[in-house]
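Structure at a glance
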Amino acid sequence: MVQGQGTERRLMRVLAGEPLSPPPAWVMRQAGRYLPEYRATRAEAGSFLDLCYSPDFAVEVTLQPIRRFGFDAAILFSDILVVPHALGQDVRFVEGEGPRLDPLAGRSEFERLRAAEDPAVFTHLAPVFETVRRLRAELPAETTLLGFCGAPWTVASYMIGGRGTPDLAPARALAASDTALVDELIDRLVAVQTEYLVRQFQAGADAVQIFESHAGSLPDATGPEADALARWSFRPIARMIAGIRARVPGARIIVFARGSGLEGHARVVAETGADAVGVDWAVDLAALRARLPANTVTQGNLDPELLITGGPALDAAVAAILQATAGLPHIFNLGHGITPPTPVAHVERMLARLRA
């Protein structure tokens, strides 16, 4: 549940609207292949799903970047695709290629999925909740614990296409040809993932992030189909957030709508009810802040490539983010996940500049 002492955690203070200098920091995919200790644990665990479903391993890799860097938040180590896996869809991870699912191409495949109320769904996900419980017990008291899930549209796009594709053509095609079926899939994901995040809060998460990683595949707010972003993304997320807060009053929630552009990012908090908007690296943060009420919480938006480049370019980008958010509630983060080639020394340099 929401931790009573959470107001003492710097990131939770910012999520409540308090500007802090320096801002609290964490990075997406902070437990990952750029860390040698992660690579060693990953090799010991076996498959990627074994890593996700073993609380011993998942706790260990979640704690690794906290021990090394002292980030203000730890984010649960898992994957957005454990939810379709729990629904009964085959999910596997191919080394060097990423996730593969048996595509949900039509109603026959949909009807083979488990219902949202099937107890087997959450029996399957029980190791995730055990990981959250252990993390809350093992993390430093000052460290915020973040849970997460994928947004319904993003998860549905993987379920329909069987993999990530640049333009999500399979999901967009099915949404056009069988809108009712995609509506039913979205509804099921809203129900399951609302419960999934509620249980993460109950297990000890302080806040959660909803990853709409594929918002950029939907027409933007100025396009001829301006309602697509609201219909398939923001409204389902809003239903999730309302459902979570009905069970967990005061739940703090971040929404990251990657690729939705300046206009889309400006709509996130108002249209979903989120406490904070995650900002991808392609958005001008200063321009976005100028469009938002001063009390809006932002998160991001350092370009992950600059962590690979390092040096003066990285220093300048950190300085620009601090300037754009001076005196405003902001959580320092990347504008997408950290990538495997990132030198550890560059992460250390980023944090040193931030905390100077």
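Here goes a summary of the coordinates provided. (Residues numbered from 1 in each chain as written. Predicted model: local features only at pLDDT ≥ 70, side-chain atom pairs only at ≥ 80, totals over all residues. Heavy atoms only, no water.)

Describing the nonpolar core
- Residues Ile210 and Met350 are the most contacted members of the largest nonpolar core, which totals 124 residues.
- Considering every element that reaches this core, the biggest residue donor is helix α11 (residues 179–203), with 12 residues.
- When residues no more than four places from it in sequence are discounted, the contact partners of methionine 350 are Val27, Leu302, Leu307, Leu314, Val318, Phe332 and Leu334. (Core = buried A, V, L, I, M, F, W, Y, C linked by side-chain atoms within 4.5 Å. Buried < 20%, exposed > 50% of the residue type's maximum accessible area, 1.4 Å probe, protein only. Helix = DSSP H or I, 4+ residues; strand = E, 2+ residues; numbered from the N terminus. Contact = heavy atoms within 4.5 Å.)

Things to note about the environment of isoleucine 244
- As for its placement among the helices and strands, isoleucine 244 is situated in helix α12 (residues 227–247).
- Setting aside residues up to four positions removed in sequence, isoleucine 244 forms contacts with Thr194, Leu197, Val198, Phe201, Ala251 and Ile253.

Observations regarding the pairing of strand β7 (residues 276–279)
- Alternating residues of β7 divide into Ala276 and Gly278 and Val277 and Val279, and every residue in both groups is buried.
- Note: strand β6 (residues 252–257) against β7, three bridges, orientation parallel. Each bridged residue has a counterpart across the sheet, and for isoleucine 254 the counterpart in β7 is alanine 276.
- For the crossover that starts at β6, traverses helix α13 (residues 261–272) and ends in the parallel β7, the hand is right-handed.
- Sheet analysis places β7 next to strand β8 (residues 297–300), joined by four bridges and oriented parallel. Pairing of glycine 278 across the sheet is with glutamine 299, part of β8.
- Each parallel crossover has a hand, and for β7 linked through helix α14 (residues 285–291) to β8 it is right-handed. (Pairing = 2+ DSSP bridges. Right-handed = clockwise from strand over helix to strand, strands pointing away.)

Notes on the pattern of salt bridges
- Overall, the coordinates contain 24 salt bridges when judged by the stated rule.
- For arginine 92, the salt bridge identified is with aspartate 90, shortest N-O distance 2.3 Å.
- Here aspartate 206 and arginine 136 are joined by a salt bridge, their closest N and O atoms 2.7 Å apart. Taken as a pair, aspartate 206 in the loop between α11 and β5 (207–212) and arginine 136 in helix α8 (residues 126–138) lie far apart in primary sequence, 70 residues in all.
- On the basis of relative accessible area, arginine 136 is assigned to the buried category, the value being 13%.
- Via salt bridges that share partners, Asp56, Glu130, Arg133 and Arg134 belong to a single interconnected network. (Salt bridge = Lys/Arg side-chain N within 4 Å of Asp/Glu carboxyl O.)

A closer look at the sheet that holds strand β9 (residues 330–331)
- Strand order across the open sheet formed by seven strands is β1-β4-β5-β6-β7-β8-β9, with parallel pairing between neighbours. Of all strands in the sheet, those bounded by a partner on one side alone are β1 (73–75) and β9.

Description of the packing of helix α10 (residues 169–177) against α11
- Orientation of α10 relative to α11, taken along the N-to-C sense of each, is 115°, at an axis distance of 5 Å. Of α11, the residues touching α10 (which contributes Leu174, Ala175, Ala176 and Ser177) are Thr179, Leu181 and Val182.
- In terms of residue class, the contact of α10 with α11 is made up of five nonpolar, two polar and no charged. (Axes fitted to C-alpha atoms, helices over the stretch in contact; angles between N-to-C directions. Nonpolar A, V, L, I, M, F, W, Y, C, P; charged D, E, K, R; others polar.)

Brief notes about the packing of aromatic side chains
- Enumeration over the complete set of coordinates arrives at nine aromatic pairs.
- Both rings, one in phenylalanine 48 and one in phenylalanine 77, keep their centres 5.8 Å apart while their planes meet at 65°; by these two values the pair is edge-to-face. With phenylalanine 48 in helix α3 (residues 48–53) and phenylalanine 77 in the loop between β1 and α5 (82–86), this pair connects stretches of sequence that are 29 residues apart.
- Taking relative accessible area as the criterion, phenylalanine 77 reaches 8% and is therefore assigned buried.
- A centroid spacing of 5.7 Å and a plane angle of 85° characterise the contact between phenylalanine 148 and phenylalanine 211, whose relative ring orientation is edge-to-face. Taken together, the residues phenylalanine 148 in strand β4 (residues 144–150) and phenylalanine 211 in strand β5 connect sequence positions 63 residues apart. Each member of the pair, phenylalanine 148 as well as phenylalanine 211, is classed as buried.
- Taken together, the aromatic side chains of Tyr38, Phe48, Phe77 and Phe93 make up a single cluster linked through ring pairs.
- Looking at arginine 199, its charged tip hangs above the ring of phenylalanine 122, at a distance of 4.4 Å from the centre.
- Over the face of the ring belonging to tryptophan 232 we find arginine 231, whose NZ or CZ atom lies 4.7 Å from the ring centre. (Phe/Tyr/Trp six-rings, centres within 6.5 Å; stacked < 30°, edge-to-face > 60°. Lys NZ or Arg CZ within 6 Å of the ring centre and 35° of its normal.)

Any functional reading would require information that these geometric values do not contain.
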